[in-house]
Amino acid sequence: MAKVRLEDIKRRFNNVTAIEDITFEIPDGEFWVLVGPSGCGKSTILRTIAGLETATSGKLFIGEQLVNNVPARQRDVAMVFQNYALYPHMSVAQNIAFGLKMRKVDSKVIQERVVTVARSLSLEHLLDRKPKQLSGGQQQRVALGRAIARQPQVFLLDEPLSNLDAQLRDDTRAELKQLHQELGVTTVYVTHDQVEAMTLADKIVVLNRGRIQQIGEPQSIYARPANQMVATFLGSPPMNILPAIYKHEGFDVSGQLLRITPQMRESLHLPTGQSFDLGIRPEHIYINEPQRRSEKSERQLPTNRTFQDGEHAEEELGELSVEVKVVEPLGRETLMRVSLPGSLVLLNVQVGGDVRSHPGDRLSLQLDLSQLFVFDPKTGDRISPQD
């Protein structure tokens, strides 16, 4: 096991810069996830660590060794690919053992490791089968087993779950996390799936257009995104973004005044009349008071937030009137898509599963102002007062 350190790594392909100014250090034994949209440079970073790509500039260390000029086969890393890369003519046991045989490890040691790894991955009853006789999840575990058997200093996983169906992806993700807890090997994992990133990582590196946007623990990044790209990329459903103009008492959002507290106005110090983007996550929006588009409707919508005596004066803070467009019951929760009247702006609202609503209903929504973010629409940077 070893730490991995990148210092100002840059990789250019002809006139195209794939990654630039990549600097971070992964402590020994931690599980880090590189996440971002397609083309953001995450796989290029992984391949550079593996030695499959050569950095144009910068320094790369595995442990205390500078490995810029060290061939891939001598870096003592094991890589698991998206397409498994199993040898179809070999059995499961032979596939797991292949890397060890290439390193001329003693046959008795190879046999012991194959059995141990197969048991840890629940593959011991499949050792004589060929890859074509296995399911996608079983093939993925064989690929992992081949990497584990080598006992490398670093695991590199390049979107290893993307070819699996939803249920199998969830199961294998849990197995991966348990394996890391047992083995404690430094792991770098690449994915575009923010759910995988949030559930697996000790630390997340969010990338966009070849540059690092933010590094931190999953919940910290989720709660305090550095910019609008990070805010909207992490989270499902994604954060709502509302174009707004700042006024003395709050924000003009498509003709409605979203009033904020005096303390918030003081901490923001925003110039009146300037445009901003407001960010609010779907779970931080509450149904305050149902309104009716038609008096013929007798439906009574339950609210998922109540106000105590004496709070009536504050109800107007953070309120917006909306019209329900789409309702998606998901069992434990309900996802609604609503629009601001007279506007093309849509919001996702995530409420309890017992909340009943229908397209066309008018609702008054309460936004949790403590979870409201303000972004500069030009740079995308967060300028709200949250720490």
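Just so we're clear, the structure is a prediction, and the values are computed from it rather than from any experiment.

*Asks:* Requested: an account of the layout of surface pockets, with residues and values cited.
*Replies:* Volume-wise, the largest pocket comes out at about 430 Å³. Contributing to the lining of the largest pocket are 18 residues, with Val 77, Ala 78, Met 79, Phe 81 and Arg 150 lying nearest its centre. At the level of elements, β6 (77-80), α2 (92-102) and α4 (136-149) are the ones that each hand at least two residues to the lining of the largest pocket. When the residues that make up the lining of the largest pocket are grouped by side-chain class, the tally is 13 nonpolar, one polar and four charged.

*Asks:* Explain the sheet that holds strand β8 (residues 186-191) to me, using residue names and the numbers behind them.
*Replies:* Sheet architecture is open: six strands sit in the order β6-β7-β8-β3-β9-β10, paired in mixed fashion. Edge positions in the sheet fall to β6 and β10 (211-216), since each has one partner strand and no second. Across this sheet, the average inter-strand angle for adjacent strands is 15 degrees, counted without regard to direction. The strands that α4 touches are β6 and β7 (154-158); relative to β6, the one it contacts most, it runs at about 175 degrees.

*Asks:* Which residues make up the nonpolar core, and what values go with them?
*Replies:* With 44 residues, the main nonpolar core has Val 33, Ile 96, Tyr 189 and Val 206 as its most contacted residues. Ignoring sequence-local partners within four residues, the contact set of Val 33 consists of Tyr 189, Thr 191, Ala 197, Leu 200, Ala 201, Lys 203, Ile 204 and Val 205. Membership of the second largest hydrophobic core comes to 33 residues, among which are Leu 268, Ile 280, Val 324 and Leu 347.

*Asks:* Tell me about the pattern of salt bridges, residues and numbers included.
*Replies:* Applying the stated criterion to the full structure yields 14 salt bridges. A salt bridge links Glu 20 to Lys 10; the shortest N-O distance between them is 3.9 Å. Highlighted residues: Glu 20 in strand β2 (residues 16-26) and Lys 10 in strand β1 (residues 4-13), separated in sequence by 10 residues. For Lys 10, a relative accessible area of 22% gives the class partly exposed. Notably, a salt bridge pairs Arg 173 with Asp 170, separated by 3.2 Å at the nearest N-O pair.

*Asks:* I'd like a rundown of helix α5 (residues 166-183), residues and numbers included.
*Replies:* The terminal C-alpha atoms of α5 lie 26 Å apart, and with 18 residues this matches the ideal 26 Å at 1.5 Å per residue to within 8%. Among all positions in α5, only Thr 172, Arg 173, Leu 176, Leu 179 and His 180 are buried. Along α5, the residues classed as buried sweep out an arc of 125 degrees about the axis, all on the same side. Along α5, the residues that are exposed and aim more than 90 degrees away from the buried face are Gln 167, Gln 181 and Glu 182. Buried residues belonging to α5 abut β3 (31-35), α3 (107-120), α4, β7, β8 and α6 (194-200). Remark: Gly 184 follows α5 within two positions and exhibits a positive phi of approximately 65 degrees.

Rules used throughout
- Residues numbered from 1 in each chain as written.
- Predicted model: local features only at pLDDT ≥ 70, side-chain atom pairs only at ≥ 80, totals over all residues.
- Heavy atoms only, no water.
- 1 Å grid on protein atoms, 1.4 Å probe; cavity = no way out; pocket = protein on both sides within 12 Å on 5 of 7 lines; lining within 4 Å.
- Points joined across faces, edges and corners; volume = space filled by probe spheres on them.
- Helix = DSSP H or I, 4+ residues; strand = E, 2+ residues; numbered from the N terminus.
- Nonpolar A, V, L, I, M, F, W, Y, C, P; charged D, E, K, R; others polar.
- Pairing = 2+ DSSP bridges.
- Axes fitted to C-alpha atoms, helices over the stretch in contact; angles between N-to-C directions.
- Contact = heavy atoms within 4.5 Å.
- Core = buried A, V, L, I, M, F, W, Y, C linked by side-chain atoms within 4.5 Å.
- Buried < 20%, exposed > 50% of the residue type's maximum accessible area, 1.4 Å probe, protein only.
- Salt bridge = Lys/Arg side-chain N within 4 Å of Asp/Glu carboxyl O.
- Expected span 1.5 Å × (residues − 1).
- Arc of directions from axis to C-beta.

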